Each structure stands twice: as structure tokens, then as C-alpha cells.
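Spelled out from the first residue to the last, the chains are:
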Amino acid sequence: MPQTAVIVIDMINAYGHEDAEALVPSVRQALPHIAQLLTRARESGTPVIYVNDNFGRWRSHHGELLDAALAGRHRELVEPVSPDEDSLFVVKARHSVFYETPLAYLLGHLGVERLVLCGQVTEQCVLYSALDAHIRHFDVIVPPEAVAHIDADLADAALRMMQCNMAAMTCSIDAITFDPAR
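Residues numbered from 1 in each chain as written. Predicted model: local features only at pLDDT ≥ 70, side-chain atom pairs only at ≥ 80, totals over all residues. Heavy atoms only, no water.

A.B. asks: Now, about helix α1 (residues 20-44): what can you tell me, with residues and values included?
C.D. replies: Each full turn of the α-helix corresponds to 3.6 residues, which orients residues three or four apart in the same direction. Along α1, the helix axis deviates most sharply at Ala30, where the bend reaches about 40°; the proline Pro32 sits within four residues downstream. Turning to α1, its buried residues are Ala20, Leu23, Val24, Ser26, Val27, Ala30, Leu31, Ile34, Leu37, Leu38, Ala41 and Ser44. Buried residues in α1 make contact with β1 (3-9), β2 (48-53), β4 (112-120) and β6 (147-148). At the C-terminal side of α1, Gly45 shows a positive phi close to 85°. (Bend = angle between axes of the 7 residues up to and from the residue. Helix = DSSP H or I, 4+ residues; strand = E, 2+ residues; numbered from the N terminus. Buried < 20%, exposed > 50% of the residue type's maximum accessible area, 1.4 Å probe, protein only. Contact = heavy atoms within 4.5 Å.)

Following this line, the structure appears as C-alpha cells:
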């Protein structure tokens, strides 16, 4: 089985942005599934990599972003999925986890060939990240219950696009297998 990494997209979030209130209900639904996915990945030794928007804080680092998110309006949506001491962290400034980030280099260094994408927003950052992963020849898995959306119809369309146009597997987190650490 190819080496897998779990990519956690934009879950370190203070929810102060314009679409936050539309997003929060979906995050609440996805949160226990994301937490379960992270637990399973960590128990197997699978790398967990947080790729998070810097929210325009150009001098920030992952600790500062986490502190700001925990001090935000929805701490309860951040705490259950916060990075642990073994998590890796990449800061991004745009929608895709790959755009102008060192993620591809990191994945190559780790020997990763398969990505499990979780987090937010299905019809934006998850979709664009899945496309960029596909064109880089990564196998992509997106568990629908572990991604959050702003617009349910667009999210459904995005998941269909990932399946049809990007050969992404969309399946329950229970169907995802992780090899023990190499």
C-alpha cells in the first residue's frame, strides 16, 4: 500500500471571516469525524499535516495561528482537532494546499503517494487542493463526512467533480485503511 498522509485543511480557524456563520453548522457535523480520522491516523503512525491559511498574518507561524484560533469565537471547533506534537504544519495564503507552499517537497521527502483530505471548505480549498494533488499524481481520498461546506449544493457538486474529473475516491472514514508506520 502506498504511503499515506492525512492533510487537514484550514481547521485552525478563528471564524471571523464573512462566511463563518454559514460554515459553522457544517463544521460542527464534520468535527467528530475529522477527530476520529486523526486519531486513527496517529495511532497507525500515518503523518498528519495541517495546511492552514495564514489569514493575512504574514509574520505568523503555526503556534500563533493556533493561539488566535483558540481565542476566537468558536474555540470548541478548534480544540478537538488541534495539532499534536508530532503533527507537521504548512502555512498557505491561497485556496490550494500546494499553491506556493513547500507541501509537495515535504510529501516527496516522506515518500507519500496517497492523500486523505479533510477539513474545510469542500467547494473551495478542498476542491482546489484535490485538483492540485491530482495533477501532481497523488492518489486522493476525500471522506465526505470529514469535510465542511458553506453551500451544500456546491459541496455535493465539488465531491462529484473530485470523483469524476480527478479520480478521487470519496468514501467513509471507516473504509480508509492506514498501514502501520514504516
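Continuing now.
A.B. asks: Please set out the packing of aromatic side chains residue by residue, giving values where relevant.
C.D. replies: This structure, assessed with the given rule, holds two aromatic pairs. Pairing Tyr50 with Phe89 gives two aromatic rings, centres 6.3 Å apart and planes at 10°, and the pair type is stacked. A residue pair is termed long-range when its members are at least 10 positions apart, and Tyr50 in strand β2 and Phe89 in strand β3 (residues 88-92) qualify at 39 residues. Take Tyr50: its relative accessible area is 0%, and that puts it in the buried class. (Phe/Tyr/Trp six-rings, centres within 6.5 Å; stacked < 30°, edge-to-face > 60°.)

A.B. asks: I'd like a description of the nonpolar core, backed by residues and values.
C.D. replies: In summary, soluble globular proteins display a tendency toward joint burial of nonpolar side chains. Counting 34 residues, the largest nonpolar core has Val6, Val8, Met11, Tyr15, Ile34, Leu37 and Leu38 as its most contacted members. Mapped onto this core, the elements with two or more residues apiece are β1, α1, β2, α2 (62-70) and β4. For this core, the element with the most residues is α1, which contributes 10 residues. Other than its neighbours up to four places away in sequence, Leu37 contacts Val6, Val116, Cys118, Pro143, Ile173, Ile176 and Phe178. Among the nonpolar cores identified, the runner-up in size contains 28 residues, and Ile9, Phe98, Leu106 and Leu159 belong to it. (Core = buried A, V, L, I, M, F, W, Y, C linked by side-chain atoms within 4.5 Å.)

A.B. asks: For α2, give the residues involved together with the corresponding values.
C.D. replies: Every buried residue belonging to α2 is among Leu65, Leu66, Ala69 and Leu70, and all of these are buried. The arc that holds the buried residues of α2, viewed along the axis, is 130°, so those residues lie on one side. Tucked inside the fold, the buried residues of α2 contact β2 and β3. (Arc of directions from axis to C-beta.)

A.B. asks: Tell me about the pattern of salt bridges, and please be specific about residues and values.
C.D. replies: Any two side chains of opposite charge can pair, so long as their charged atoms come close to each other. Per the counting criterion, the structure on display carries six salt bridges. When the shortest N-O distance is used, the salt bridge between Asp10 and Lys92 registers 3.1 Å. Residue Asp10 is located in the loop between β1 and α1, and its partner Lys92 is located in strand β3; the two are separated by 82 residues in the primary sequence. Of the two residues examined, Asp10 and Lys92, each falls in the buried class. Between Arg136 and Asp132 there is a salt bridge; the shortest N-O distance is 4.0 Å. (Salt bridge = Lys/Arg side-chain N within 4 Å of Asp/Glu carboxyl O.)

A.B. asks: Before we move on, can you summarise the side chain of Thr122 with the specific residues and values?
C.D. replies: Residue position: Thr122 is located in helix α4 (residues 122-135). When residues no more than four places from it in sequence are discounted, the contact partners of Thr122 are Leu127, Val147, Ala148, His149, Ala155, Ala158, Leu159 and Met162.

Nothing here speaks to function; it is all geometry.
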